[in-house]
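This is what each chain is made of:
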Amino acid sequence: MESYRIALLGLGTVGGAVVELLAATRKECAERAGRPIEVSRIVVRDPSKNRTVPADLPGHPTIRGDAIEAIEDPNIDAIVELAGGTEAPREWIRLAIEQGKDVITANKAVLAIHGDELFDLAKEHGRSLYYEASVAAAVPILQVIQQGIPAGPVDRLTGILNGTCNFILGRLEELSFEESVKSAQQAGLAEADPTLDISGIDSAHKLALLARILLGCSVPIEKLRVEGIEGLSPHDIEFGWEHDLSLKLLGMMRRNGDGTALGVMPCFLPSSHPLASVRDEDNAVLLEAAPFGSLVLQGKGAGGMPTAGSVVADILRAARGDAISYPASGTVEKITDPGATPVRHYLRLEVPDRHGVLARVAGALASEQVGIAALDQPENLLDFAGVVPIRILTHPVETTRLDLALSHLDEDLQSITRPVRIRIEE
Ligand SMILES: NC(=O)c1ccc[n+]([C@@H]2O[C@H](COP(=O)([O-])OP(=O)(O)OC[C@H]3O[C@@H](n4cnc5c(N)ncnc54)[C@H](OP(=O)(O)O)[C@@H]3O)[C@@H](O)[C@H]2O)c1
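Rules used throughout
- Residues numbered from 1 in each chain as written.
- Predicted model: local features only at pLDDT ≥ 70, side-chain atom pairs only at ≥ 80, totals over all residues.
- Heavy atoms only, no water.
- Patch = residues over 30% accessible without salt bridge, like charges linked within 9 Å, V, L, I, M, F, W, Y side chains within 5 Å.
- Areas by Shrake-Rupley, 256 points an atom, 1.4 Å probe, with all protein chains shown as cover.
- Salt bridge = Lys/Arg side-chain N within 4 Å of Asp/Glu carboxyl O.
- Buried < 20%, exposed > 50% of the residue type's maximum accessible area, 1.4 Å probe, protein only.
- Near = heavy atom within 4 Å.
- Polar contact = N/O pair within 3.5 Å; in protein donor to acceptor, adjacent residues only side chain to side chain.
- Nonpolar A, V, L, I, M, F, W, Y, C, P; charged D, E, K, R; others polar.
- Helix = DSSP H or I, 4+ residues; strand = E, 2+ residues; numbered from the N terminus.
- Expected span 1.5 Å × (residues − 1).
- Pairing = 2+ DSSP bridges.
- Contact = heavy atoms within 4.5 Å.
- Axes fitted to C-alpha atoms, helices over the stretch in contact; angles between N-to-C directions.
- Phe/Tyr/Trp six-rings, centres within 6.5 Å; stacked < 30°, edge-to-face > 60°.

Caption draft 1: Representation of a nonpolar patch on the surface in the model. Where nonpolar side chains cluster on the molecular surface, the patch consists of Leu358, Ile372 and Leu375 and spans about 220 Å² of accessible area. Ile372 sits in the partly exposed class, given a relative accessible area of 33%.

Caption draft 2: Looking closely at the site of the ligand. The local shell around the ligand holds 22 residues, among which Leu11, Val14, Asp46, Arg51 and Gly303 are the closest. Within the backbone of Leu11, an N or O atom sits 2.9 Å from an oxygen atom of the ligand. A total of 900 Å² of accessible area belongs to the ligand in isolation, and the protein chains cover 79% of it. When grouped by side-chain class, the residues that make up the shell around the ligand number 10 nonpolar, 7 polar and 5 charged.

Caption draft 3: Representation of helix 12 (residues 304-320) within the structure. Compared with an ideal rise of 1.5 Å per residue, which puts 17 residues at 24 Å, helix 12 spans 24 Å between its outermost C-alpha atoms and is within 8% of the ideal. The element helix 12 is largely enclosed, with a buried count of 12 among its 17 residues. Gly304, Thr307, Ala308, Ser310, Val311, Val312, Asp314, Ile315, Leu316, Arg317, Ala318 and Ala319 are the residues of helix 12 that are buried. Gly321, located one to two residues past helix 12, shows a positive phi value of around 80°.

Caption draft 4: A look at the sheet that holds strand 6 (residues 129-130). Across the sheet, 6 strands lie side by side as 3-2-1-4-5-6; this open sheet has parallel pairing. The open sheet has two edge strands, strand 3 (62-64) and strand 6, and neither has a second partner. With 6 bridges joining them, strand 1 (residues 4-9) and strand 2 (residues 37-43) adopt parallel strand pairing. Bridge assignment links Ala7 to a residue of strand 2, and that residue is Arg41. Where helix 1 (residues 13-24) meets the sheet, it contacts strand 1 and strand 2, and its direction lies at approximately 155° from that of strand 1.

Caption draft 5: Structural view of the packing of aromatic side chains. One pass over the structure, following the stated rule, counts 4 aromatic pairs. Relative to Tyr131, the ring of Phe119 lies with its centre 5.2 Å away and its plane at 50°, an arrangement referred to as tilted. Here the residue Phe119 occupies a position in helix 5 (residues 108-125), and Tyr131 occupies one in the loop between strand 6 and helix 6 (141-148), the gap between them amounting to 12 residues. As far as the burial class goes, Phe119 and Tyr131 line up, both buried. A centroid spacing of 4.2 Å and a plane angle of 35° characterise the contact between Phe239 and Tyr346, whose relative ring orientation is tilted. Here Phe239, found in helix 11 (residues 234-242), pairs with Tyr346, found in strand 14 (residues 345-352); they are 107 residues apart in sequence, far enough to count as distant. Like Tyr346, Phe239 is buried. Through a chain of ring-to-ring contacts, the aromatic side chains of Phe239, Phe268 and Tyr346 assemble into a single cluster.

See below:
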């Protein structure tokens, strides 16, 4: 049987693992796909860099620097885009589909931003665009929500969608925020510039792709509340320990009578919550719907080999010609703010160590009827530079109203407090 020939665009963390996995499992891949898989071309940014590919990699590819030449090669059946970025991959995916090729990608950013155009183009040309590895790496969550659960509304989705952030939050138990980020970089989990991860944007890209399938419409990222984990500290984790809560960065989808609340926010979860014990770089998604109750999928959410597993599974689906169904694009359902639901909040403020400061903070909160359930200033948190942290537990309040109250802090406090506020999801 004729081989299925692919061009690999990118040979970094994920691309390198894909060639290793394809070489190590060539026989099993051929059996599952019904024909041999060959890597005919590899494209990188800098072909002069010294690199090795496994000697037994089927296809014995040349490593070049011109993606367009590879995409236009009539002997190639599919391109596997593992380079990252948004604009160049958008053009490559467009061109590949127009050239009659299937596409496999692990790139959530390009699909979250240009999904309408690329999915429509694939439909129009009768090509398949597989992207399982782009959300939750090793966890086959897209297949599950497309084919593995009954059709009909999923009422709630709660996801730990960024393995790097989950790893950093775990390290915060012992290290400062900066040291925790460094530790993630040393583990090969964070980029030299970790902004996309720690700002919550990467989680938002993945949430948008999940919601697109679950809601059957496109979800513009700019409509979502997106908050990251910058500024969190071991003090916050400690508060969690004292109250039996775990700190997680969550992507949330909640259907309500008024539309669907969608957003990414750091949240405390009670230790009994199914996602509270998800550690290290694992991702996990909790789905809740009437027909099946609740369902949790969990696995490695980052790293070369875990991601390569999903990429290779998609290559085999493409080689078999498995159909892929695309959610409708265009109609935007009403998106609401998950911060509009009242819950208890944890608040940490840096305040000057002076008389009357607590009354000024309490006054600002009272101006928006934010009730204080508890307030403490643990001795071991004292900062001798004259600024001390205080921690407040509020009664249930909307995040939006709490933010408004914080904006009423007087000018002196505004310049010092650097408030951290975290929702406590029940
Ligand atoms: N790493 C993960 O854990 C993970 C998990 C899930 C999804 N993903 C996604 O997988 C994709 C790849 O991630 P990665 O971590 O493997 O990235 P990476 O280690 O930075 O590797 C990127 C590769 O793409 C090549 N490349 C970049 N720009 C190029 C261009 N303009 N033309 C040709 N080649 C180009 C680079 O070439 P050089 O080697 O010459 O620089 C490199 O080989 C991204 O979309 C990422 O979001 C990654």
